[in-house]
Amino acid sequence: MNLKWLEDWFEKIEPKGKWSWLGSTYEAFHTFAFTPKTVTKRGSHIRDAVDMKRSIIIVVIALIPALLFGMWNIGHQTAISTGADWHWFYMWWFGFLRMLPMIAVSYIVGLFIEFAFAQYRGHEVNEGFLATGLLIPMIVPVTTPLWQLALAVAFAVIIGKEVFGGSGMNFLNPALVARAFLFFAYPTHMSGDKVWIANDLWGSDAIAGATPMGQLATGTHLSASALDMLIGTIPGSTCETSVIAIALGAILLLMTGIASWRIMLSVFLGGGAMGLLFNAIGYNDYMQLPFYYHFLMGGFAFGAVFMATDPVTAAQTNTGKWIYGLLIGAFAVLLRVCNPAYPEGMMLSILFMNCMAPLIDHCVVAANIKRRERRALK
Amino acid sequence: MNHTIKIKKGLDIPLGGLPERTLIDVRCIERYAVKPPDVVGFTPRLLVAEGDMVAAGQPLVTDKHDPRLTLPSPVHGTVEAIVRGEKRKLMEVVVRKDLEDLKDPKNHKDLTPEAPVWWMIKERPFGTIANPDHKPKGIYVSLRDTNPLAPDLDFALKGREQEFEAGVKALEAIAEVHCVRAEGPHPAGNIGTIIASLDPINKGECVWTVNAQDVANIGRWYLTGEYRPERVISVGGPAAKTPHYYRVLCGACLKQLTDAQLMDNSYPSLTRTTNTTRIISGSPLNGTTVAADGFLGMYDQQLCFIEEGDHYDFMGWLMPGLKKYSFSKTFLSGVIGTLGNIGSLIPIHYNFNTNVHGSVRPFLFTGNFEQVFPFDIYPLQLIKACIVGDVELQEKLGIYEVEPEDFALCEFIDPSKTEIQTIIREALEVLRKEAIA
C-alpha cells in the first residue's frame, strides 16, 4: 500500500504562519494517521515500538466484549419487561441504537474540550480520553438523558482533569468523576428501580426493574441467580453486568501488561476478605450473602478491571498498589453492606482511594528513604 | 576480590546484527583522536599545537580545574588537526601516527595521576575521571558487558590475562579492587548495577570504576611502561554487513571499519539523514552518533550500525506489529513471543531503526520501569524529582547511586518517550557543580 500521497498531503497542509495556532489539532490528526517520522536525537538510539496511542487503544479493545454484550443486554432487558419476542440480533440492534448516541455525545463533548484545552495550552492532544470517553456511557443507566451525559462529560474533563493540567496530572478517575457527578446531581436518574430498563428506542422512559444490588439494599428477595449475574443477563448500568465479558477484557489487559495485575488481584482479595468477614458476623441477610456474590453484582468487576487499574489515579509504587487495591475491594463491600443509601459502593470506594493513593505512595517511598538514610549512617 | 552476582530484573533487547566471534587486528589505521567531550566534567586546555610531534602517552590536553588530569595521545605521531565545534568548544585532537612505533623507555612503577593511563579510572557519582584527592571506598570492574551487541569480554581479553592481573595489582595499591561477574539480563553488567547490589554509594562517598579492557591496558603500562590503549570492539547492528570483532587502539579513525560494514547506498553524513545508516560509537542504548570517518569514543568498546527510521508508519498504533519489538506485549510479536514463537512467526532478532515510534507525552503508566531497573530506588519518583529540580528529594531518593546509563532501559521501554537519560545527566551535572563550588 503506497500512501506517499497521504504523507505528502499532510505535510502540505501543515498549518504555518497565521494558522500555526492550529498546531495541536493538526498534530492530533496527523499522528492518528501516521506514527511520526521523528528519530532519536539524544539518549537511547533505539526505542520500544509502544507509545501512548498503542497503550490506550488496548484499553479500548479490552472494553469491546463488555460493550457488545451490554448492547445486547439493553435489548434483552426491554424484551423481557415488555414481553416482546425479539430475535437476539434485534435485541443487540436495539441496544446498539440506544448506546450509539450516548457514545457519540461522550466523544464529541469530551474531545471538543480536550482539543480546545490542548490548543489553548499549545500542548499535544492526549489520547487518554479515547478510553475515558467510551467508559463513561458504559457505566451509566441506559435511560440517562443525553444532555445530562453531556454535562457530566464536560464536568469530568474540565474539573476532573484539565484544571490539574490534563492527562497524567489528574488524581481522580475522570470516568468515575462523570458518574459521581450524575449520581449526586440527578439522583433520581441514577438509582432506584425506574432507570435500568429502556421502554422504547428513543425516549428516556423507563420500565420498573430492580438490579440485584437495589433488591438487597431494600431488603427484597434477590431474584437473579449467581449464573445470571456471571453471564450478565440482569438489569444494571449499560455495560457493567457481564462478568464474563469483563473477564475477556481483563485477560487482554493483563496479557499486554497495560493494567496492573497487582491492583486487579488485590481488589478481589480485599472484597473477598471483607465479604468473608461479614459472613462470619452474619448479622443480617446482606451480611450472610456468599462473599463471591459481591464480585458478580453491580460494578465490582468492571471497577476492579477498568477503573481501579487506571495508572494515573492509582498508587504508583508496587507495594502501594497492593494496599490501594485491597482497600478498594474492602471499602466497596463495606459500603454496600452497611450503607443502604448507596447501593453501589464501588464508585465511591475507588474515588476515595484515588484521593488516598498519593498518601500511600508517600509512605512507601518514605520507607525507601529511611532505609537509605540508615545505610548511610552504618 | 572476585564476586559473582545474580540479577533478575532487566531486559536483553533482541537487536539484530550480532557480531561473529572472529577477531580482525587492524594495525594500519593512521589517524587517532582524543575526544574531550566524551569525558564528563573535563574542561580541556590544549597542550599541543598542530604540527607538533607527540609520543604515545604524551598529554595532549589537560583539565583546567586539575592539571594532573590529562588525556594522552594513543600513538606516536604528529598532531594533524585540532577540531573545534560550536563556541570554539574543543571536540577532537587528531594525531597522525608515524610509521615506526617509538617505545617509551620510562618505566613508571606507581599508578599516579601523572600516569598516562589515569584517565581510564572513572569516579562515581557523576562519572568523571577519578579525582586523585578522593579516597574511594573501592574500585569496581565488571567482567561482563551486557549492552545489546556488546563485546564478550572473556573473548576480548583472551591472551591478556597476565596484563589484567598486573592491572588489578596496580589498582590495589589505591583501594580494594572488586572484579565482578554479573549474571542475568542487561543491565546486570553495568557497573552501576553491580555497585548497587554489593555496596551502594551513600552521599559523600565515592567509588572508582575501570573498564575490564582498560585494567589490562593499565597492567601493560605497569609491567612494561608501554602506553598502548588497546580495545577489542564488537562491530554489529542490523545495518552492518559483516558483524564481527576488531582489535583497534582507543580513539581510532573508523573509516576503514565503516567502509567494510556499510551497505551500498547507505553512506551516512551528518547533514543528511534520509535513507542512511546511523553509526553509533558505544552502546545503542547510550552511545554517541559518529560520522563514517569519525573516531571511536574514549571509553567505548562497540560500534553499532542502525538504519535511520525517518519514515512515517501508517496507523502504527493499530497495526498488529509482527515485526515490531516491544517489551510491553502490546504488539502481536510480544504475545507470540510469550507463547514460544509458534512456527517462527516473529523474528528472533529485530531490525531496529532509530525511529522514536510515537510522540512525547506525560507519564501515564507506572510499574514498567521497575521491571528493568534492578536498584533499590523508585525510578519514576527519582525522574520526577530530577524534572522539577528538587535536589534534596533527589538525594533522598538515591541520585548518587545512578548514572544516566542505568536508566537507558527505562528510556527504551518508556511509552511516553521521555528523554530520561538526559534528565538524569542534567540533574547530576547540577549536583556535580554544586559539589565543586
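**Details of the overall build of chain B**
1) Next: Summing up its helical and strand segments, chain B has 10 helices and 20 strands in all.
2) Next: The C-alpha atoms of chain B give 22 Å as radius of gyration, which agrees with the globular expectation for 437 residues (22 Å, within 12%).
3) Next: Taking all 437 residues of chain B together, the buried fraction comes to 52%.

**Regarding the domain arrangement of chain A**
Residues and elements named next belong to chain A.
1) Next: The domains assigned to chain A are domain 1 (7-33), domain 2 (53-258) and domain 3 (260-378).
2) Next: Computed from C-alpha coordinates alone, the two centres of domain 2 and domain 3 are separated by 22 Å.
3) Next: Contact residues are listed per partner, giving 32 residues for domain 2 and 28 residues for domain 3.
4) Next: Of all elements in the fold, only helix 7 (174-185), helix 9 (212-217), helix 10 (226-231) and helix 11 (243-255) reach the threshold of two or more residues within the side of domain 2 that touches domain 3.
5) Next: Counting residues per element, the side of domain 2 that touches domain 3 draws most heavily on helix 11, at 6 residues.
6) Next: Classifying every residue of the side of domain 2 that touches domain 3 by side-chain character gives 20 nonpolar, 10 polar and 2 charged.

**Considerations on the interface of chain B and chain A**
1) Next: On the chain A side, the residues contacting the 66 residues of chain B number 49 residues.
2) Next: Among the secondary structure elements, those contributing two or more residues to the side of chain B that touches chain A are strand 17 (277-281), strand 20 (313-314), helix 7 (379-388), helix 8 (391-397), helix 9 (408-413) and helix 10 (420-436) of chain B.
3) Next: When residues of the side of chain B that touches chain A are assigned to their parent elements, the largest contribution, 4 residues, is made by helix 9 of chain B.
4) Next: Of the residues assigned to the side of chain B that touches chain A, the class counts are 29 nonpolar, 23 polar and 14 charged.

**A word on the sheet that holds strand 12 (residues 139-142) of chain B**
All names here are of chain B.
1) Next: The sheet built from 6 strands is open, its strands ordered 1-13-12-14-10-11 with mixed pairing. Either end of the sheet is taken by a strand with one partner, and the two such strands are strand 1 (2-6) and strand 11 (128-129).
2) Next: Bridge count between strand 12 and strand 13 (residues 177-183): 4 bridges; the pairing is parallel. By the bridge assignment, Val141 is partnered in strand 13 with Cys179.

**A word on the packing of helix 12 (residues 261-281) of chain A against helix 16 (residues 318-338) of chain A**
When two helices pack together, their arrangement is given by the angle between their axes and by how far apart the axes lie.
All names here are of chain A.
1) Next: In the contact formed by helix 12 and helix 16, the axes pass within 7 Å of each other and the chain directions differ by 40°. Here helix 12 is positioned oblique relative to helix 16, judged by the angle of their axes. At the point where helix 12 passes helix 16, the crossing takes the right-handed sense.

**Here's the deal with the pairing of strand 2 (residues 20-25) of chain B**
The side chains of a regular strand alternate between both faces of the sheet.
Residue and element names in this part refer to chain B.
1) Next: Sparse coverage of strand 2 is indicated by the burial of 0 of its 6 residues.
2) Next: Examined bridge by bridge, strand 2 and strand 16 (residues 244-249) share 4 bridges and lie parallel to one another. Residue pairing in the sheet places Ile24 in a bridge with Tyr246 of strand 16.

**Looking at the pairing of strand 16 of chain B**
1) Next: Pairing between strand 15 (residues 230-236) of chain B and strand 16 of chain B: 6 bridges, direction antiparallel. Among the inter-strand pairings, B:Val232 is bridged to a residue of strand 16 of chain B, identified as B:Arg247.

**Section: the domain arrangement of chain B**
Residue and element names in this part refer to chain B.
1) Next: Domain annotation for chain B reports domain 1 (2-12 + 27-224) and domain 2 (356-436).
2) Next: Computed over C-alpha atoms, the centres of domain 1 and domain 2 are 26 Å apart.
3) Next: Residue contributions to the side of domain 1 that touches domain 2 peak at 3 residues, all from helix 3 (residues 191-198).
4) Next: When the residues that make up the side of domain 1 that touches domain 2 are grouped by side-chain class, the tally is 8 nonpolar, 7 polar and 3 charged.

About the cut-offs
Here the residue numbers are simple positions, counted from 1 along each chain's written sequence. For naming, the first written chain is A and the first written ligand is 1, with later ones following in the order written. Reporting of local features is limited, given that this is a predicted model, to residues whose pLDDT is at least 70; pairs of side-chain atoms are given and counted only at 80 or more, and all residues count toward the totals for whole chains, interfaces and linings. Numbering of helices and strands starts at the N terminus; helices are DSSP runs of H or I of at least 4 residues and strands are runs of E of at least 2. Only C-alpha atoms enter the radius of gyration, while the globule expectation follows 2.2 Å times N to the 0.38, with N the number of residues. Buried residues are those with 20 or more other C-beta atoms within 10 Å of their own C-beta, exposed residues have 12 or fewer, and partly exposed residues lie in between; C-beta atoms are placed from the backbone. Reported domain spans reflect what an automatic or database domain assignment gives. What counts as a contact is two residues whose backbone-derived C-beta atoms lie within 7 Å of each other. Each residue is assigned to one class: nonpolar for Ala, Val, Leu, Ile, Met, Phe, Trp, Tyr, Cys and Pro, charged for Asp, Glu, Lys and Arg, and polar for all the others, Gly among them. Think of it this way: DSSP has to see at least two bridges between two strands before they count as a pair. Between N-to-C directions, angles span 0 to 180 degrees; the directions come from axes that are lines fitted to C-alpha atoms, helices contributing only their stretch in contact. When an angle is under 35 degrees it counts as roughly parallel; over 145 it counts as roughly antiparallel; between 65 and 115 it counts as roughly perpendicular; any other value is oblique. Should the near helix be turned anticlockwise from the far one by less than a right angle, the crossing is left-handed, and should it be turned clockwise, the crossing is right-handed.

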